Amino acid sequence: MTLNNKILFGLLALLVGFSLPSSAQKSPLKVLIVDGQNNHEQWPKITAMMKYYLEDSKKFTVDIQRTRYTWQGDKLVEAYPVKNGPATEALKQPKMDSAFHPKFSNYDVVICNFGWNAAPWSAEAQKDFEKFMKNGGGLVVIHAANNSFPQWPAYNQMIGLGGWGDRTEKDGPYVYYDQNGKEVRDMQPGKAGSHGAQMEFKITVREPNHPITKGMPANWLHSRDELYDRLRGPAENMQILATAFSPKSNNGTDRNEPMLMALRYGKGRIFHMALGHADYSVECVGFITCLQRGSQWAATGKVDIPIPSDFPTETETRQRKFAQ
């Protein structure tokens, strides 16, 4: 190698060496949490908790957009207002906010924290959200958000399975794992959505190689929560990542019910998590980890957020208290 080539090679090596750290630095993913109407009264606090836990990972920046008309959780709406958001009006019954029309294309992933009986979005907002998802956007569905918008066909496609809202066999099969570990799609007639008394319950990972669940214990104990069962819907382009057993002794089904799901809609990715009823449920490190990793996957298709050392075990729940 000539002297000039050696000098050139050295300069290139220096440039590459200096560029590596900057190329490894990725901008935080942009998250939008949408909420405003939910029968679960803690929804304003849960939105604040999710924002905190996501931003605490240093992987996300989070905005919140709330409907002008809110339903349920009135005191918590005041306690956890949306910074720089419009004034809200608490109503006795849900009402459509025709001005609710987020600019979805400004974000990598949208987290839906609406609930049962939420008023529908305007046709224009629905159309824009469908376009966002078809073009590769990300969606995370939390707990009662799978109760929402039963009359919106594209939303039902996105979430895969839903409960309540007059969902029946017309909307698709019940989907669950039987006690032999086989996935079942059951078209028997019946309403969608039920749960027994809140309790701690074990999560069983069914897809250990999916980016969201990779590295998790095969079984881990989730903090007290509602265990949704009898969910049904189109269930297309859907993987069940994890289940929980719903015992008949607690008004359940004696079936392994889907708790974590990954779906596709057009080019978009959806992470559906049936967990998250109350603040103590959301404080579970299992919930927090799934929220972080599921949001990253929905946005990018990849996950590099590690399974933390304080993750629940098969016999012990773990929590991170929210003190905001």
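Quick caveat: nothing in here was measured; it's all calculated off a predicted structure.

Caption draft 1: View of the packing of aromatic side chains. All chains considered together, the criterion is met by 21 aromatic pairs. For the ring pair Tyr-52 and Tyr-53, a centre distance of 5.5 Å and an interplane angle of 65° mean the geometry is edge-to-face. Look at Tyr-53 and you get buried, because its relative accessible area is 3%. On the numbers, 5.1 Å between centres and 80° between planes, the contact of Phe-149 with Tyr-155 is edge-to-face. Judged on exposure class, the residue Phe-149 and its partner Tyr-155 are both buried. Through pairs of rings, three or more aromatic residues link up here, namely Phe-100, Phe-104, Phe-114, Trp-121, Phe-129, Phe-132, Phe-149, Trp-152 and Tyr-155. Sitting over the ring of Tyr-280, Arg-224 keeps its end group 4.1 Å from the ring centre.

Caption draft 2: Quick peek at empty space enclosed by the protein. Evaluated as defined, the whole model comprises three cavities of 30 Å³ or more. Taken as a whole, the largest cavity spans an internal volume of roughly 60 Å³. The wall of the largest cavity is formed by Asn-38, His-40, Trp-43, Ile-46, Asn-113, Ile-142, His-143, Ala-144, Gly-276 and His-277. Of the residues assigned to the lining of the largest cavity, the class counts are four nonpolar, six polar and no charged.

Caption draft 3: How the structure looks around the packing of helix H2 (residues 43-56) against helix H7 (residues 285-300). Following both chains from N to C, one finds H2 and H7 inclined at 70°, their axes separated by 10 Å at the closest point. Considered as vectors, H2 and H7 are oriented roughly perpendicular to each other. Taken as a pair, H2 and H7 cross one another with a handedness that is right-handed. For the pair H2 and H7, contact is made by Met-50, Tyr-53 and Leu-54 and by Phe-287, Ile-288, Leu-291, Gln-292 and Ser-295, respectively. When grouped by side-chain class, the residues that make up the contact of H2 with H7 number six nonpolar, two polar and no charged.

Caption draft 4: Region of the structure containing the side chain of Asp-229. Following the sequence through the fold, Asp-229 ends up in the loop between strand E9 (219-225) and strand E10 (238-246). Owing to a relative accessible area of 0%, Asp-229 belongs among the buried residues under this scheme. Within the local environment of Asp-229, its side chain forms a polar contact with the side chain of Arg-230, the two groups lying 3.5 Å apart. Ignoring sequence-local partners within four residues, the contact set of Asp-229 consists of Gly-193, Ser-194, His-195, Ser-246, Asn-251, Gly-252, Thr-253 and Glu-257.

Caption draft 5: Here's a closer look at the nonpolar core. The biggest cluster of nonpolar side chains holds 81 residues, and the ones touching the most others in it are Trp-121 and Phe-129. If one sorts the elements of this core by residue count, H7 sits on top with seven residues. Excluding residues that lie within four positions of it along the chain, Trp-121 makes contacts with Val-34, Met-96, Phe-100, Phe-104, Phe-114, Gln-126, Phe-129, Phe-149 and Trp-152.

Caption draft 6: Expanded view of the environment of Pro-258. Its place among the elements puts Pro-258 in strand E11 (residues 255-265). Between the C-alpha atom of Pro-258 and that of Arg-66, which follows or precedes it by 192 residues, the distance is 28 Å.

Caption draft 7: Structural context of helix H4 (residues 123-134). Taking 1.5 Å per residue, 12 residues should reach 16 Å; H4 reaches 16 Å between its end C-alpha atoms and fits that length. Those residues of H4 that fall on the buried side of the exposure criterion are Ala-125, Gln-126, Phe-129, Glu-130, Phe-132 and Met-133. Taken end-on, H4 shows its buried residues confined to a sector of 160°, consistent with a single buried face. Exposed and facing more than 90 degrees away from the buried side of H4 are Ala-123, Glu-124, Lys-127 and Lys-131.

Caption draft 8: Representation of the confidence of the model for the chain. For the chain, per-residue confidence averages 93 on the pLDDT scale, and 92% of positions sit at 70 or higher. Long-range and interchain partners of residues 6-25, a stretch whose pLDDT sits below 50, account for one contact in this model, where long-range means more than four residues apart.

Caption draft 9: Representation of unusual backbone geometry within the structure. Residue Phe-149 is not a glycine yet carries a positive backbone phi of 50°. Looking at where Phe-149 falls in the secondary structure, it is placed in the loop between strand E5 (138-142) and helix H5 (153-159). According to the relative accessible area criterion, Phe-149 is buried, its value standing at 5%. Residue Asp-254 is not a glycine yet carries a positive backbone phi of 55°. Along the chain, Asp-254 falls in the loop between E10 and E11.

Caption draft 10: Structural view of the pairing of strand E2 (residues 60-71). Bridge count for strand E1 (residues 29-37) against E2 is eight bridges, and the pairing is parallel. Bridging across to E2, Gln-37 finds its partner in Trp-71. In the classification by handedness, the crossover that spans E1, the intervening H2 and the parallel E2 is right-handed. Inspection of the sheet shows E2 paired to strand E3 (residues 89-91) by three bridges, in the parallel sense. When the sheet's bridge partners are listed, Thr-70 is paired in E3 with Ala-90. Each parallel crossover has a hand, and for E2 linked through helix H3 (residues 74-79) to E3 it is right-handed.

Parameters at a glance
- In this convention, every chain numbers its residues from 1, walking through the sequence in written order.
- Whole-chain, interface and lining totals are the exception, using all residues; otherwise, since this is a predicted model, local features are given only for residues with pLDDT of at least 70 and side-chain atom pairs are given and counted only at 80 or more.
- Side-chain numbers come from the whole structure's heavy atoms, not from hydrogens or water.
- Centres within 6.5 Å make a pair out of two Phe, Tyr or Trp rings, where for Trp the six-membered ring is used; the pair is then stacked when the planes are under 30 degrees apart, edge-to-face when over 60, and tilted otherwise.
- Relative accessibility thresholds used throughout: buried, under 20% of the residue-type maximum; exposed, over 50%; partly exposed, between the two (1.4 Å probe, protein chains only).
- Counting as a charge over the ring demands two things of the Lys NZ or Arg CZ atom: a distance within 6 Å of the ring centre and an angle within 35 degrees of the ring normal.
- Residues are said to line a cavity or pocket when one of their atoms sits within 4 Å of a point; the points come from a 1 Å grid over protein atoms alone, cavities being sets where a 1.4 Å probe fits but cannot get out and pockets being open sets with protein on both sides within 12 Å along at least five of seven lines.
- Grid points are joined across faces, edges and corners, and a volume is the space filled by probe spheres set on the points.
- Ten residues, namely Ala, Val, Leu, Ile, Met, Phe, Trp, Tyr, Cys and Pro, are considered nonpolar, four, namely Asp, Glu, Lys and Arg, are considered charged, and the remaining ones, Gly among them, are considered polar.
- Angles here are taken between N-to-C directions and fall from 0 to 180 degrees, while the axes themselves are lines fitted to C-alpha atoms, restricted in helices to the stretch in contact.
- Here a helix means four or more residues in a row that DSSP labels H or I, a strand means two or more in a row labelled E, and each is numbered from the N terminus.
- Roughly parallel means an angle under 35 degrees; roughly antiparallel, over 145; roughly perpendicular, 65 to 115; everything else is oblique.
- Each crossing gets its handedness from the near helix: less than a right angle anticlockwise from the far helix is left-handed, clockwise is right-handed.
- We call two residues in contact when some of their heavy atoms are within 4.5 Å.
- N or O atoms within 3.5 Å of each other form a polar contact, as long as, within protein, one can give a hydrogen and the other can take it, and as long as residues adjacent in sequence are counted only when both atoms are side-chain atoms.
- What makes a nonpolar core is a set of buried Ala, Val, Leu, Ile, Met, Phe, Trp, Tyr and Cys residues whose side-chain atoms join them at distances within 4.5 Å.
- An expected span of 1.5 Å times one less than the residue number is assigned to each helix.
- The arc refers to the directions leading from the helix axis to the C-beta atoms.
- Every residue is assigned a pLDDT by the predictor, reflecting its confidence on a scale from 0 to 100.
- Any two strands with at least two DSSP-identified bridges between them are counted as paired.
- By convention a crossover is right-handed if, when the strands point away from the viewer, the path from the first strand over the helix to the second runs clockwise.

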